[in-house]
Amino acid sequence: MRSHLRWIAPALVLGIAAALRFWALGRPGTLVFDELFYVRDAISQLAHGFPTVWPDDDPSMAGERATAYTDAPANAVHPPLGKWIIGLGVLAFGPGNGWGWRSAGALAGVLAAAVTMRLAWRMSRSLVVACIAGLLLAIDGVHVVLSRVGLLDGPLTLLVVLGALCFWRDIEADGGDAGRGGARGRDGTQGRGGARGRGVAAAEGSAEGAAENSTEGERGTPVPLRWRRPWLLAAAAAFGAATAVKWSGLYPLAAFLILVTMRDLAIRLRGGERRAVRRAAAQAGLTAAIALPTAAVVYLSSWAGWIATSGGWGRGAGPNWFVSLVRSHAEMWSWHSTLSAPHPFRAHPVTWPLALRPTAMYELRWTEGCPWADCVAGISPLPNPLVTWGGAAALLVLGALVARRAWETRRGAPDPLVLVGAFVVLGYLSGWLPWMLTFSRSAVFQFYAVVLTPFSAIALALLLGMLCGVPIRTRAGRAAELGALRDPVTGRALPREPAAYEAGRRSVGVFLAVALVLAVLFFPVWSGMPVAGWFWDAHLWLPGWD
């Protein structure tokens, strides 16, 4: 049964994610919020290779209105890939119904849950942690809503977490948290052996956990430069695609490149390598030479439709498309950097972690024919309170644990929780802090925070898993436990009796059960379901949720 559970449990999580994203996906049958721009751009882009102007701003797509675009080019302010993705659903289900506009985004939401589970499993080697992370994302209100509307942020989230998974695989290929003191082949791949300290064999220096002596792993031996890095190429391609959806996809790419660079420097300094800073700089240059051109090529390829034609906004009829593309990007940058139009639902980034000002995307009230005193149908990315608020708290706790254990192990073998926690926290901060530092643009919205949800889900899953007694295991087999006792010589976590975790397991079970109940109760306001006015008002817990 346990062998089947490894497939059944993730399948159940994905089933929940799919049900919350595909159920009644065509409701409402009109464009909501910024679907007015992105969906219509996607439809006209399918026809022309670039977005074109529509005759009015009526959100109805009934009948001939679904293809009422003109031939005049539209000034689209985001790159094309997100609209190509929306267009896949239009090709499958047609432009005249909500399934056509939203199905690609809903599928991206389910895939994001799958990738999040995979990333959580690679970090922890725990099915429990992986399934909890996937479940938390599946029932996250912000992620559910942004998967059910034809906007760019749902596909962006998938590509960001996919890029993070590829970066983690690149770290694993480099020896994970076990360090890189072991022997390497000439191609820079990790050898099976590895010694830490002066000639001492490290029992866990290889991916298989084998212990072998190696004179090449002695302190001071230079760590070879890595250049065969297929997972880095994959990560760069994913983030290049993310940037081709929204430019904010560049932020996590830059953050993770800095992380792998600093990790490489730390390994070299810890090993006592001569000229460690110089060689780390050389490795950083090599890493950038692999990643940045790959991301640029993927980004540029998303503009193929615009490049291959002569009618796009700013394209012109001349052969020098590159000059036209640069000018078009300058116009896009100017628009984004000066956007300050007042909006009733704009939200300062400081409010994003707690979702204090959700972006209401659709609301319709009526009394005639209503079985209650009044009826409401709305779509608002109200958070699942336990998931969103618990995730914010988990990130703070995880950050504190990382800082403490990094200090405690500064002269010994690295704690796997340090790298895992730093990776998750950095993933979250890379999608949040840049907006905190953006002063030239005041018009920002809560739904931008959807790219943060996979990382807060993983952070919360890691802590809930450790409360259940689930260790964080690495490829080398080392483990970290929350509050675990440690051997004073080796620094290894000492196992506790299973009964010590019984209360934690019960608490986690109750937490997840309540979170599921809240998802059921909030789903009507996430999905445009007609409800009584009092039911809608009962979900407005905070003043900013109106």
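Residues numbered from 1 in each chain as written. Predicted model: local features only at pLDDT ≥ 70, side-chain atom pairs only at ≥ 80, totals over all residues. Heavy atoms only, no water.

1. Things to note about the overall build of the chain
Put simply, the test is: Secondary structure counts use DSSP, requiring at least four H or I residues in a row for a helix and at least two E residues in a row for a strand, with both numbered from the N terminus. Only protein chains enter the calculation, and the probe is 1.4 Å; a residue is then buried if its accessible area is under 20% of its type maximum, exposed if over 50%, and partly exposed in between. By definition in these notes, contact holds between two residues if any of their heavy atoms fall within 4.5 Å.
Along its length, the chain carries 18 helices and 7 strands. Sorting the 546 residues of the chain into buried and exposed places 54% on the buried side. Here the contacts in the chain between residues at least 6 apart in sequence split such that 71% fall between residues at least 24 apart.

2. What to know about the sheet that holds strand 2 (residues 375-379)
As a reminder of what qualifies: Following DSSP output, two strands are said to pair if at least two bridges run between them. Note on geometry: axes are C-alpha line fits, over the in-contact stretch for helices, and angles between N-to-C directions span 0 to 180 degrees.
In space, the 3 strands of this open sheet follow the order 1-2-7, with antiparallel pairing throughout. Each having just a single partner strand, strand 1 (362-366) and strand 7 (531-532) make up the two edges of the open sheet. Bridge analysis of strand 1 against strand 2 gives 5 bridges, and the strand direction is antiparallel. Paired with Glu-363 across the two strands is Gly-378, which belongs to strand 2. Sheet contacts for helix 17 (residues 502-527): strand 2 and strand 7; angle to strand 2, the most-contacted strand, approximately 85°.

3. Here we look at the nonpolar core
Quick note on the threshold: We call a set of buried Ala, Val, Leu, Ile, Met, Phe, Trp, Tyr and Cys residues a nonpolar core when their side-chain atoms join them within 4.5 Å.
Ranked by size, the top nonpolar core spans 127 residues in total, and within it Phe-167 and Phe-423 carry the most contacts. When residues no more than four places from it in sequence are discounted, the contact partners of Phe-423 are Leu-119, Met-123, Ala-164, Phe-167, Trp-168, Ile-171, Phe-256 and Leu-259. With 9 residues, the next largest nonpolar core counts Ala-244, Tyr-299, Trp-306 and Leu-325 among its residues.

4. Describing the packing of helix 4 (residues 98-124) against helix 16 (residues 453-467)
To keep it simple, the criterion reads: Angle categories are assigned with fixed cut-offs, so that under 35 degrees is roughly parallel, over 145 is roughly antiparallel, 65 to 115 is roughly perpendicular, and the rest are oblique. Crossing handedness: left-handed means the near helix sits turned counterclockwise from the far one by under a right angle, and right-handed means the same turn made clockwise. Residues are sorted three ways: Asp, Glu, Lys and Arg are charged, Ala, Val, Leu, Ile, Met, Phe, Trp, Tyr, Cys and Pro are nonpolar, and all the rest, Gly among them, are polar.
Packing of helix 4 against helix 16 brings their axes to within 10 Å, and their N-to-C directions diverge by 40°. Judged on the interaxial angle alone, helix 16 and helix 4 are oblique. Seen from above, helix 4 lies across helix 16 with right-handed handedness. Of the residues in helix 16, those touching helix 4 at Thr-116, Leu-119, Ala-120, Met-123 and Ser-124 are Pro-454, Ile-458 and Leu-462. Split by residue class, the contact of helix 4 with helix 16 holds 6 nonpolar, 2 polar and no charged.

5. Quick look at helix 10 (residues 276-301)
Convention followed: Expected helix span is taken as 1.5 Å per residue step, with the number of steps being one fewer than the number of residues.
Its 26 residues give helix 10 an end-to-end C-alpha distance of 38 Å, which sits within 8% of 38 Å, the value for a rise of 1.5 Å per residue. Considered for burial, the residues of helix 10 that qualify are Ala-276, Ala-280, Gln-283, Thr-287, Ile-290, Ala-291, Thr-294, Ala-295 and Tyr-299. Where the residues of helix 10 are buried, they touch helix 8 (230-245), helix 9 (250-270) and helix 12 (321-337).

6. Description of the pattern of salt bridges
Spelled out, the test is: A side-chain nitrogen of Lys or Arg and a carboxyl oxygen of Asp or Glu constitute a salt bridge if their distance falls within 4 Å.
Tallied over the entire structure, the rule returns 20 salt bridges. Put simply, Arg-404 and Glu-408 hold a salt bridge, and the shortest N to O gap is 3.6 Å. One end of the pair is Arg-404 and the other is Glu-408, both in helix 13 (residues 385-408) and 4 residues apart, which spans about a single turn. Connected via shared salt-bridge partners are Asp-170, Asp-174, Arg-226, Arg-229 and Arg-263.

7. Things to note about the confidence of the model for the chain
Low pLDDT marks regions whose predicted coordinates should not be analysed in detail. Counted only if it meets this: As a per-residue measure, pLDDT tells how confident the predictor is, with possible values from 0 to 100.
Residues at a pLDDT of 70 or more form 86% of the chain, whose mean pLDDT is 87. Averaged pLDDT values over the elements of the chain bottom out at 52 in strand 5 (residues 485-486) and peak at 98 in helix 8.

8. So, the layout of surface pockets
Here is the rule: Only protein atoms enter the calculation, which uses a 1 Å grid: trapped sets of points that fit a 1.4 Å probe without letting it out are cavities, open sets showing protein on both sides within 12 Å along at least five of seven lines are pockets, and any residue with an atom within 4 Å of a point is a lining residue. Grid points are joined across faces, edges and corners, and a volume is the space filled by probe spheres set on the points.
Considering only enclosed or pocket space, the second largest pocket measures out at about 600 Å³ in volume. What lines the second largest pocket is a set of 29 residues, and nearest its centre among them are Asp-34, Phe-37, Tyr-38, Val-77 and Trp-335. When residues in the lining of the second largest pocket are grouped by element, the largest group, 5 residues, is from helix 2 (residues 35-48). Residue composition of the lining of the second largest pocket, grouped by class: 17 nonpolar, 4 polar and 8 charged.

9. Observations regarding the packing of helix 4 against helix 7 (residues 153-173)
Running from amino to carboxyl end, helix 4 crosses helix 7 at an angle of 20°, the nearest separation of the two axes being 9 Å. On the basis of the axis angle, helix 4 is roughly parallel to helix 7. Judged by the twist between their axes, the crossing of helix 4 over helix 7 is left-handed. In this structure, helix 4 contributes Ala-108, Leu-111, Ala-112, Val-115, Thr-116, Arg-118, Leu-119, Arg-122 and Met-123 to the contact, and helix 7 contributes Gly-154, Pro-155, Leu-158, Val-161, Leu-162, Ala-164, Leu-165, Trp-168, Arg-169 and Glu-172.

10. Focus on a nonpolar patch on the surface
So the rule is basically this: Residues enter patches when they are more than 30% accessible in relative terms and free of salt bridges; like-charged ones are connected within 9 Å and nonpolar ones (Val, Leu, Ile, Met, Phe, Trp, Tyr) within 5 Å. In this description, accessible areas are obtained by the Shrake-Rupley approach with a 1.4 Å probe, and a residue is regarded as covered only by the protein chains that are shown.
Where nonpolar side chains cluster on the molecular surface, the patch consists of Leu-354, Leu-356, Trp-389 and Trp-541 and spans about 350 Å² of accessible area. Here Trp-541 shows up in the segment after helix 18 (533-537).

11. Some points on unusual backbone geometry
Cis peptide bonds are those with omega within 30 degrees of zero, and the linkage from Arg-27 to Pro-28 qualifies with -5°. The topology assignment puts Pro-28 in the loop between helix 1 (2-22) and helix 2. One non-glycine residue, Arg-125, lies in positive phi territory at about 55°. With respect to the helices and strands, the residue Arg-125 is situated in the loop between helix 4 and helix 5 (127-138).

12. Some details on the pairing of strand 2
Where burial is concerned, most of strand 2 is hidden: 5 out of the 5 residues are buried. Going residue by residue along strand 2, you find Cys-375, Ala-377 and Ile-379 tucked away on one face and Val-376 and Gly-378 tucked away on the opposite face as well.

13. Comments concerning the side chain of Thr-351
Within the fold, Thr-351 resides in the loop between helix 12 and strand 1. By relative accessible area, which is 16% here, Thr-351 ends up buried.

14. Considering the environment of Arg-118
Structurally, the position occupied by Arg-118 is in helix 4. Taking the C-alpha atoms as reference points, Arg-118 and Ala-133, separated by 15 residues in sequence, lie 9.4 Å from one another.

15. Brief notes about the packing of aromatic side chains
Counted only if it meets this: Pairs were defined over the aromatic rings of Phe, Tyr and Trp, the Trp ring being its six-membered one, requiring ring centres within 6.5 Å. Orientation was assigned from the angle between planes: stacked under 30 degrees, edge-to-face over 60, tilted for the rest.
In this structure the tally under the stated criterion is 24 aromatic pairs. Judged by centre distance (5.9 Å) and plane angle (45°), the ring pair of Phe-167 and Phe-239 falls under tilted. Of this pair, Phe-167 sits in helix 7 while Phe-239 sits in helix 8, and the two are 72 residues apart along the sequence. No difference in accessibility class separates Phe-167 from Phe-239, as the two residues are buried. Measuring from ring centre to ring centre gives 5.1 Å for Trp-168 and Phe-423, while their planes differ by 75°; the resulting arrangement is edge-to-face. Within this pair, whereas Trp-168 is found in helix 7, its partner Phe-423 is found in helix 14 (residues 416-430), the two being separated by 255 residues in sequence. Per residue, the accessibility class of Trp-168 equals that of Phe-423, and both read buried. Taken together, the ring pairs connect Phe-33, Trp-352, Trp-435, Phe-445, Phe-447 and Tyr-448 into an aromatic cluster.

16. Looking at the environment of Ser-124
Heads up, the rule is: Nitrogen and oxygen atoms within 3.5 Å of one another constitute a polar contact, given that in protein one can donate a hydrogen and the other can accept it, and given that sequence-neighbouring residues count only through two side-chain atoms.
Mapped onto the elements, Ser-124 comes out in helix 4. Overall, the relative accessible area of 0% leaves Ser-124 in the buried class. Sequence separation between Ser-124 and Val-420 is 296 residues, and the spatial gap between their C-alpha atoms is 8.3 Å. What Ser-124 contacts, discounting residues up to four positions off in sequence, is Val-129, Leu-462, Pro-471, Ile-472 and Arg-473. Within the local environment of Ser-124, its side chain forms a polar contact with the backbone oxygen of Ala-120, the two atoms lying 2.8 Å apart.

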